[in-house]
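Chains, contacts and geometry: an overview
So you can see what is in the structure, the chains are spelled out below.
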Amino acid sequence: MNLHIYEEVNAINEALAQYIISVGRQAIVTNGRFNFVLTGGNSPKGVYELLSTKYKQDIDWSKVFFFFGDERTVEPFHKDYNGLMAKETLFDHLKTPADHIFYVNTFLQPQDAAAAYKKSIDKHFEGKEPIFDLILLGMGDDAHTASIFPHTTLTAVTEADVQAVFVEKLNTHRVSFTAPLINMADHVAFLTFGKNKATALYHVLGPQKDYASFPAQLINPVRSPLNWFIDEEAYALCKQNS
Ligand SMILES: O=C(O)[C@H](O)[C@@H](O)[C@H](O)[C@H](O)COP(=O)(O)O
C-alpha cells in the first residue's frame, strides 16, 4: 500500500492527475487503450477539472475509455447522477466520443441496469477478464466505497460483478462494482480528504479487519499496491495513533 499524504487538496489533485496520466500513458503504450473507471461523489471534481484543462495535452484522450465504479439510481443527468459531473468536468471539455463513455443506464430498474452494465463491460473486454487499467475510488465518512455500503449485501459478494444493492440508510438502490471486480484492476487509487473522513480512514487502515463495518477494507488489488491520495486532515487520527 502506498500512502500519498499532502497538506493541501490542490497538491493531492496535482499528484493524482499526474498519476492518472502516467498509468494511462503506460496502458496506451502496452494495450493501445486506457480503461479508466471513475468515482462519483464530490471529491474528484478538482482532479477531473485538472485532467481536462492543465493535463489536456498530456495523454491521447482518443484512446481513453471511461467507466463508472458505481451509479445512483436516478435518471441519467439528474443532478445526483455521477455521470453528470464527469460529463461537465471531463467529457464535454475533452469532446469524448459517446462510444468511449460507459454510462450506467439508470432508465432501467436497478437489477437490469447492473446486468446491462456488466454485459457492456464484458463486450468491451471481448469476453476476456475485465481487468481495468485504473479504478479511482472515493470513500464515504462511513467507510463505504463505490456503493459498497456498511452492512449491505455487497460487503459479502465474492464474484467480480456489477450488482444492484438496496442501501437502507439512503432508502434507495445503487448500482456498483463489487470488491472482487475492483481488486482485479491493474491499478486502484483512493482519493480521500477532509477531517470528516479521519475516523473512517483510521478504521480502514487499522489492523482490525471488519469488512461489513468498514467496506473500504475490502479493496486489496492483486496486481499492484493500493494507492491512497489523502490529506493531513483525513490522516490525522492515523497519525495520532501511529
Ligand atoms: O456515488 C458515490 O457517491 C461515490 O461513488 C461514493 O463512493 C463516493 O466516492 C463517496 O461517497 C465519497 O463521496 P465524496 O467524495 O462526495 O465525499
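Worth saying up front: this structure is predicted, and the values here are computed from it rather than measured.

Overview of the nonpolar core
The tendency in soluble globular proteins is for nonpolar side chains to be buried side by side. The biggest cluster of nonpolar side chains holds 81 residues, and the ones touching the most others in it are Phe34, Phe36, Phe132 and Phe177. Per-element accounting of this core gives the leading share, 10 residues, to helix α1 (residues 9–31).

Let's talk about the UniProt feature "domain: Glucosamine/galactosamine-6-phosphate isomerase" (unreviewed entry) in the chain
The positions UniProt marks with the feature "domain: Glucosamine/galactosamine-6-phosphate isomerase" (unreviewed entry) are residues 10–226. Between the first and last C-alpha atoms of residues 10–226 the distance is 21 Å; the span itself is 32% helix and 16% strand.

Topic: the sheet that holds strand β7 (residues 172–177)
Across the sheet, which stays open at both edges, the 3 strands sit in the order β4-β7-β6 with antiparallel pairing between neighbours. Lying at the two open borders of the sheet, with one neighbouring strand each, are β4 (70–72) and β6 (162–167). Direction aside, neighbouring strands of the sheet carry axes that sit 25° apart on average. Pairing analysis gives 6 bridges linking β6 to β7, with the strands arranged antiparallel. Residue Val167 lies in a different strand from β7, and its bridge partner there is Thr172.

Structural notes on helix α4 (residues 110–124)
End to end, α4 covers 21 Å across 15 residues, agreeing with the expected 21 Å (1.5 Å per residue, within 8%). Pro110, Ala113, Ala114, Tyr117, Lys118, Ile121 and His124 are the residues of α4 that are buried. All buried residues of α4 project into a common sector of 130° when viewed along the axis, lining one side. When the buried face of α4 is taken as reference, the exposed residues oriented beyond 90 degrees from it are Gln111, Lys119 and Lys123. Against β2 (34–38), β3 (64–68), β6 and β7 lie the buried residues of α4. Backbone geometry just downstream of α4 places Glu126 in the positive-phi region, at approximately 50°.

Rules of the game
Every chain is numbered on its own, with residues counted from 1 as its sequence reads. Given that the model is predicted, a residue must reach a pLDDT of at least 70 before its local features are reported, and side-chain atom pairs must reach 80 or more before they are shown or counted; all residues, however, enter totals for whole chains, interfaces and linings. Values shown for side chains rest on all heavy atoms present in the structure; no hydrogens or waters enter the calculation. To form a nonpolar core, buried Ala, Val, Leu, Ile, Met, Phe, Trp, Tyr and Cys residues must be joined to one another through side-chain atoms within 4.5 Å. Under the scheme applied here, a residue whose accessible area is under 20% of the maximum for its type counts as buried, over 50% as exposed, and between as partly exposed, the area being computed with a 1.4 Å probe on protein chains only. Strands are runs of DSSP state E lasting at least two residues, helices are runs of H or I lasting at least four, and both sets are numbered from the N terminus onward. UniProt positions are given in the numbering used here, feature names are shortened, and annotations may be inferred rather than shown by experiment. Strands are treated as partners if at least two bridges between them are detected by DSSP. Axes, fitted as lines to C-alpha atoms, cover a helix only where it is in contact. Angles between the N-to-C directions of the axes lie from 0 to 180 degrees. A helix's residues, less one, multiplied by 1.5 Å, set its expected span. Here the arc refers to the directions that run from the helix axis out to each C-beta atom. Any pair of residues with heavy atoms lying within 4.5 Å of one another is described as a contacting pair.

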